[in-house]
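Descriptive structure summary
One-letter residues, chain by chain:
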Amino acid sequence: MKIRRAKMDVSMLTSVILMVGIFVVFLFLTGGNEISKFSLTNIIDSSIIYIIAGLGYLFVIAMGSADLSIGANLGISCIIGTSLATIWGVDWTAIPVTLAAALGIGLINGVLVGRLKVPSFMVTVAWLLGIRGMIIYTQTEVFEELFPTMYYQTAGPLLLLKESFVKYPLFVALIVVVYLVLTHTKFGHYCRSIGENELVARNVGVPIKNVKLWAFGLSGLMAGVAGLFYLARNGGTNNTIGQNLEVDVIACIFAGCILVTGGYSTKLPKLLLGCFTFAILKNGLGLMGYNTAFAKELSQGLVIILIMFAVIKMKDWESKRAVTITREDEVALTDRAIS
Amino acid sequence: MAGEIILKTEKLCKTFGPTKANIDVDFELRRGEVHGLVGENGSGKSTLLSQIAGIIGSDSGRIELQGEVYEPHSPLDAYDHGIGIVVQELGVIGNVPAGVNVFIGRTQRFTKFGIVNTTKINEEVREIAKEWDLGDLPLNKLAGAMNVESRKQVELLRALAVDPEILILDEITQALSYDNRRRLYAIIEKFKAMGRSILMISHDLEEIMATCDRLTVLRDGRVVDTVETSAISMNDLKRMMVGREMEGEYYRVDNEPSRRESIALSVENLSVTDEVKDMSFDIYDGEIVGFCGLSGSGIHTIGKALYGLSDEAKGKVRLRKNEALIDSSQKALHEGMAYVPKERDWEGLMMQANIRDNITLPGLDDLKSKAGFVWNGALNKTANKAVSEFSVKCNSIAQEMGGLSGGNKQKVNLGRWIAKDLSCLVLDCPTRGVDVGAKAYIYNLLKSLKADGLGMILISDELMEVLGMADRIFVVKDGEIARELKRGDEFTEDNIIEVML
């Protein structure tokens, strides 16, 4: 006989309450308009790029690391992919080249963080700043004049990503695959064990270097996938491509109450909840007429502060009602073990 | 005046939620005595010390210090009353140098215009260390960068810096190696000779019996009895602690070395910087090989290096089953080796993760389905099986690891490996900080693993444990095997100590 009492995931509950709360607030503020303009496809369309990039980021955050390079990575790999496709004159080659470039940048991050033990924050911030400069250079008129053949207009199979019958199934498939890999494979377990305690993972025999390599690789690869969706929607590259993607993804991760320290509490549904919270927020602000970048960023900041307090309060509450073994339980269990 | 009562508690109670940690505890500490508190994990020893030390309050009852009511509201308050404390809860502050840690909270004396004079602090700390013969410590080093042993020494210095009338020591020897234990015992002797009192907790009953004058036994938060050490036998003491007869012997009863013909692990010319020097030895199947040595001898480094955890290791560690060369912990795991590290709470287990994930982490390879997925069903099954097999006391496998007692944590730490098909097991202080019941359990487990033909390496700071369990002992000095002893007449504490020092 075994007593089984599943522990409720308080952080998941917090993020649900938060999402519902924000939804209700906007429902009142917009006089019911929020609900009429509100649909799942609407939310997905407005946040598909963050969600896909966030899926890859989950592996990195599960290890308690950071990958701030995803926005820049998305930008540069799209530029590399589309430029080569233009030069070669074969539209579909943009897809594999973009993905390969994104994966490559992710793997380089993985080598720097895993083998050379550079803090992930530093490595990826360096990419963020360095690559952003390159993106702006390649997207200026000077550059276009020098290399006119590299001017690209989204065409061919990439445009299929705009079609609902490709977009949504692919989106769902990506979520399912990442969910399986993160929760139900050895690799996913290893990622999360590193976030819990890297030293313990190492002492058990988890191949830290390889796990880090591939976690950052996946983060990069998913930024590349997100990039393909970006190309399909925007029709090509521009000098703000991928800008602030990492900020948006991290905001969604916070809103989903995923701990930055990583570990076993890193769960994919929390990311989706966080993304939905922000989508509702943006949708509501738009309906109320606050459509400027300023309003958006201010509200994001406020929401994150709100989340912080919510998480702290919920943690307090959790520790008060935590199921600890009482002396009586222990005696009872001992008796059972003896008999 | 020796014998006079210096501290007493009357009907002290403390509850944590539904848990009654202390129930009507009456306790007396005399001047000039070493008084031991013994009991299983969760019996309320640490709670009592924490109440006296001002770390936690009491729900009812009172404490008297030298005949006056004493209600400390913080450890600093306790210091002011002449009570020096070394307890698990306090620890050191990692980002502060060791020297400053000694006077933490009491630096006013060294402060001028808001600036703390660390040179002066360090001078004074050195003087205290010299007075009590505590050896040299790197006082400018951040306490967080020191190993557990040095940190405990810093805590001990902090307690002694108060010039206390009463010294409280909670599980301090567990963290100390042999030579520093000797130093501690000398301090205890000196303290006693000065007519001051010591109140200590230890799971090492041999130590308690040897050191203390009187013992107070606690069980389930109540005082069972207070007895003179000289008037009680070890078995009676165990019975009082557990509340029932402890069966049979703790350690092995046979007095002959035994092993199988086949070699489990060969080590050739193993070196790790200057900590381990050119070591070669073989471990046979069904054999327990003990490693003993002082703090700087490198015995713990050997354990790490064998499991492929040391980047600086040179030489060959080979598992003979598949002739596999162990050059990384990944390889060691894959080849069926197991390593139980010394610091269970931060090297061995993920304290915030649940029991299930802790148990299954080393065995994920075996739990994979054909398609390569690890399903929760398989994880739950394995974890539930291990929990019941090793009688880990917990509500469910979804419980957080940190909520378990020391003994149960160690059962998880060890038990998760046993489920696997092992080829060699490396244990570093496997009974550190666990109570008698769990200790007996672990020793029995080692005995049955030995009978099953598993080769084991037992690294330990407790000589009795190694003498009780091993077939051979390597006494290590300055990174070299100074002497090899075989189970039998050679197996005496004196033989080890003679070589070790």
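Residues numbered from 1 in each chain as written. Chains lettered and ligands numbered in written order. Predicted model: local features only at pLDDT ≥ 70, side-chain atom pairs only at ≥ 80, totals over all residues. Heavy atoms only, no water.

Remarks on the overall build of chain A
On a plain count of helices and strands, chain A comes out with 15 helices and 0 strands. Relative to its full complement of 339 residues, chain A shows a buried share of 49%. Within chain A, counting contacts between residues at least 6 apart in sequence, those at least 24 apart form 78% of the total. Accessible surface for chain A amounts to roughly 15300 Å². Of this, 69% is attributable to carbon and sulfur atoms. (Helix = DSSP H or I, 4+ residues; strand = E, 2+ residues; numbered from the N terminus. Buried < 20%, exposed > 50% of the residue type's maximum accessible area, 1.4 Å probe, protein only. Contact = heavy atoms within 4.5 Å. Areas by Shrake-Rupley, 256 points an atom, 1.4 Å probe, with all protein chains shown as cover.)

What to know about helix H6 (residues 120–138) of chain A
Residues and elements named next belong to chain A. The first and last C-alpha atoms of H6 sit 27 Å apart over 19 residues, in line with the 27 Å expected at 1.5 Å per residue. Every buried residue belonging to H6 is among Ser120, Val123, Thr124, Ile131, Arg132, Ile135 and Thr138, and all of these are buried. The buried side chains of H6 occupy one side of the element, clustering within an arc of 155 degrees when seen end-on. When the buried face of H6 is taken as reference, the exposed residues oriented beyond 90 degrees from it are Phe121, Met122 and Leu129. (Expected span 1.5 Å × (residues − 1). Arc of directions from axis to C-beta.)

Quick look at the packing of aromatic side chains
Residues and elements named next belong to chain A. Inspection of every chain in the model, using the stated rule, returns 10 aromatic pairs over all chains. Look at phenylalanine 59 and phenylalanine 187: their rings are 5.8 Å apart centre to centre, the planes differ by 40 degrees, and that puts the pair in the tilted class. Of this pair, phenylalanine 59 sits in helix H3 (residues 40–62) while phenylalanine 187 sits in helix H9 (residues 186–196), and the two are 128 residues apart along the sequence. Taking the relative accessible area as the measure of exposure, phenylalanine 59 reaches 2% and is therefore buried. (Phe/Tyr/Trp six-rings, centres within 6.5 Å; stacked < 30°, edge-to-face > 60°.)

Section: the environment of lysine 238 of chain B
Residues and elements named next belong to chain B. Secondary-structure assignment places lysine 238 in helix H8 (residues 234–242). Residue classification places lysine 238 among the buried residues on the basis of a relative accessible area of 11%. When the C-alpha atoms of lysine 238 and glycine 437 are compared, they prove to be 9.1 Å apart, with 199 residues separating the residues in sequence.

Thoughts on the pattern of salt bridges
Residues and elements named next belong to chain B. Under the counting rule described, the total for this entry stands at 34 salt bridges over all chains. Across the pair glutamate 155 and lysine 152 runs a salt bridge, and its minimum N-O distance is 3.5 Å. With glutamate 155 and lysine 152 both in helix H5 (residues 148–161) and 3 residues apart, this pair spans about one turn of that helix. Considered together, glutamate 155 and lysine 152 belong to a single accessibility category, that of buried residues. One salt bridge connects glutamate 155 with arginine 158, and the closest N-O pair in it is separated by 4.0 Å. (Salt bridge = Lys/Arg side-chain N within 4 Å of Asp/Glu carboxyl O.)

Focus: the confidence of the model for chain A
Residue and element names in this part refer to chain A. Looking at chain A as a whole, the pLDDT averages 82, with 83% of positions reaching at least 70. Highest mean pLDDT in chain A belongs to H9 (95); lowest belongs to helix H15 (residues 327–338) (43). Segment residues 1–7: pLDDT under 50, and 18 contacts once partners within four positions in sequence are set aside and those in other chains are kept. (pLDDT = per-residue confidence, 0-100.)

As for the nonpolar core
Core analysis: the biggest nonpolar cluster contains 219 residues, and Leu169, Leu265, Phe291, Leu306, Met337 and Ile473 of chain B have the highest contact counts within it. Per-element accounting of this core gives the leading share, 14 residues, to H3 of chain A. (Core = buried A, V, L, I, M, F, W, Y, C linked by side-chain atoms within 4.5 Å.)

Side note on unusual backbone geometry
One non-glycine residue, asparagine 244 of chain A, adopts positive backbone phi at about 65 degrees. Under the relative-accessibility criterion, asparagine 244 of chain A is labelled partly exposed at 37%. One non-glycine residue, aspartate 478 of chain B, lies in positive phi territory at about 50 degrees. Within the secondary structure, aspartate 478 of chain B is located in the loop between strand S21 (472–477) and strand S22 (480–486).

What to know about the sheet that holds S22 of chain B
All names here are of chain B. Read across the open sheet, the 6 strands follow the order S18-S19-S20-S15-S21-S22; overall the sheet is mixed. In this open sheet, the two edge strands, each paired with only one partner strand, are strand S18 (337–340) and S22. When the angles between neighbouring strand axes are averaged without regard to direction, this sheet yields 15 degrees. Where strand S15 (residues 288–293) and strand S20 (residues 455–459) come together, 4 bridges link them in parallel fashion. Across the sheet, residue valine 289 finds its bridge partner in S20, namely isoleucine 457. Sitting on the sheet, helix H15 (residues 406–418) touches S18 and strand S19 (424–428), and the angle it makes with S18 is about 170 degrees. (Pairing = 2+ DSSP bridges. Axes fitted to C-alpha atoms, helices over the stretch in contact; angles between N-to-C directions.)

So, H8 of chain B
Note that an α-helix has 3.6 residues per turn; residues three or four places apart therefore point the same way. Looking at H8 of chain B, one finds that the buried residues are Leu237, Lys238, Met240, Met241 and Val242 of chain B. Packing partners of the buried residues in H8 of chain B comprise strand S3 (34–38), helix H7 (205–211), strand S11 (214–219), strand S12 (222–228) and helix H16 (436–451) of chain B.

Brief notes about the packing of H5 of chain B against helix H6 (residues 178–193) of chain B
All names here are of chain B. Running from amino to carboxyl end, H5 crosses H6 at an angle of 10 degrees, the nearest separation of the two axes being 12 Å. In terms of orientation, H5 lies roughly parallel with respect to H6. For the pair H5 and H6, the sense of crossing is left-handed. From H5, Glu149, Gln153, Leu156 and Leu160 reach across to H6, where they touch Asn180, Arg183, Leu184, Ile187 and Phe191. (Parallel < 35°, antiparallel > 145°, perpendicular 65-115°, else oblique. Left-handed = near helix turned anticlockwise from the far one by under 90°.)

A closer look at the environment of glutamine 153 of chain B
Residues and elements named next belong to chain B. Mapped onto the elements of the fold, glutamine 153 is located in helix H5. Residues glutamine 153 and isoleucine 93, spaced 60 residues apart in sequence, show a C-alpha to C-alpha distance of 13 Å. Every residue in contact with glutamine 153, bar those within four places of it in the chain, is listed here: Leu134, Leu137, Leu176, Asn180 and Arg183.

Things to note about the sheet that holds strand S17 (residues 324–325) of chain B
Residues and elements named next belong to chain B. If you trace the 4 strands from one edge of the open sheet to the other, you get S14-S13-S16-S17, paired in antiparallel fashion. Looking at strand neighbours, the two that pair on one side only are strand S14 (276–284) and S17, the edges of this open sheet. Alignment of strand S16 (residues 313–319) against S17, held across 2 bridges, turns out to be antiparallel. Paired with leucine 319 across the bridge in S17 is alanine 324.

Remarks on a nonpolar patch on the surface
A cluster of nonpolar side chains, namely Phe294, Leu298, Leu302, Ile305 and Phe309 of chain A, defines an oily patch on the protein surface of about 570 Å² accessible area. Relative to the helices and strands, phenylalanine 309 of chain A resides in helix H14 (residues 293–321). (Patch = residues over 30% accessible without salt bridge, like charges linked within 9 Å, V, L, I, M, F, W, Y side chains within 5 Å.)

Overview of the confidence of the model for chain B
In the predicted model, chain B carries a mean pLDDT of 87, and the fraction of residues at 70 or more is 97%. No element of chain B has a lower mean pLDDT than strand S7 (residues 111–112) of chain B, which averages 81, and none a higher one than S20 of chain B, which averages 95.

Concerning the side chain of asparagine 22 of chain B
All names here are of chain B. Tracing the sequence through the fold places asparagine 22 in strand S2 (residues 19–30). A polar side-chain atom of asparagine 22 sits 2.8 Å from a polar atom in the side chain of glutamine 51. The contact partners of asparagine 22, leaving out residues within four places of it in the chain, are Leu12, Cys13, Lys14, Gly44, Thr47, Leu48, Gln51 and Gly221. (Polar contact = N/O pair within 3.5 Å; in protein donor to acceptor, adjacent residues only side chain to side chain.)

As for the pairing of S15 of chain B
Residues and elements named next belong to chain B. Within S15, 6 of the 6 residues are buried, leaving the element largely enclosed by the surrounding structure. Here S15 shows no split at all, with Ile288, Gly290 and Cys292 on one side and Val289, Phe291 and Gly293 on the other all buried. Pairing of S15 with S21, which is carried by 5 bridges, proceeds in the parallel orientation. In the sheet register, cysteine 292 faces S21, and the bridge partner there is valine 475.

Side note on the packing of helix H5 (residues 94–114) of chain A against helix H11 (residues 208–234) of chain A
Residues and elements named next belong to chain A. Taken N-terminus to C-terminus, the directions of H5 and H11 make an angle of 150 degrees; their axes are 7 Å apart at the nearest point. The angle between H5 and H11 places the two elements in the roughly antiparallel class. Crossing angle aside, the handedness with which H5 passes H11 is right-handed. Residues Ile95, Thr98, Leu99, Ala102, Leu103, Gly106, Leu107, Asn109, Gly110, Val111, Val113 and Gly114 of H5 touch H11, and the partners they reach there are Lys209, Lys212, Leu213, Trp214, Phe216, Gly217, Gly220, Leu221, Gly224, Val225 and Leu228. Taken together, the residues that form the contact of H5 with H11 break down as 13 nonpolar, 8 polar and 2 charged. (Nonpolar A, V, L, I, M, F, W, Y, C, P; charged D, E, K, R; others polar.)

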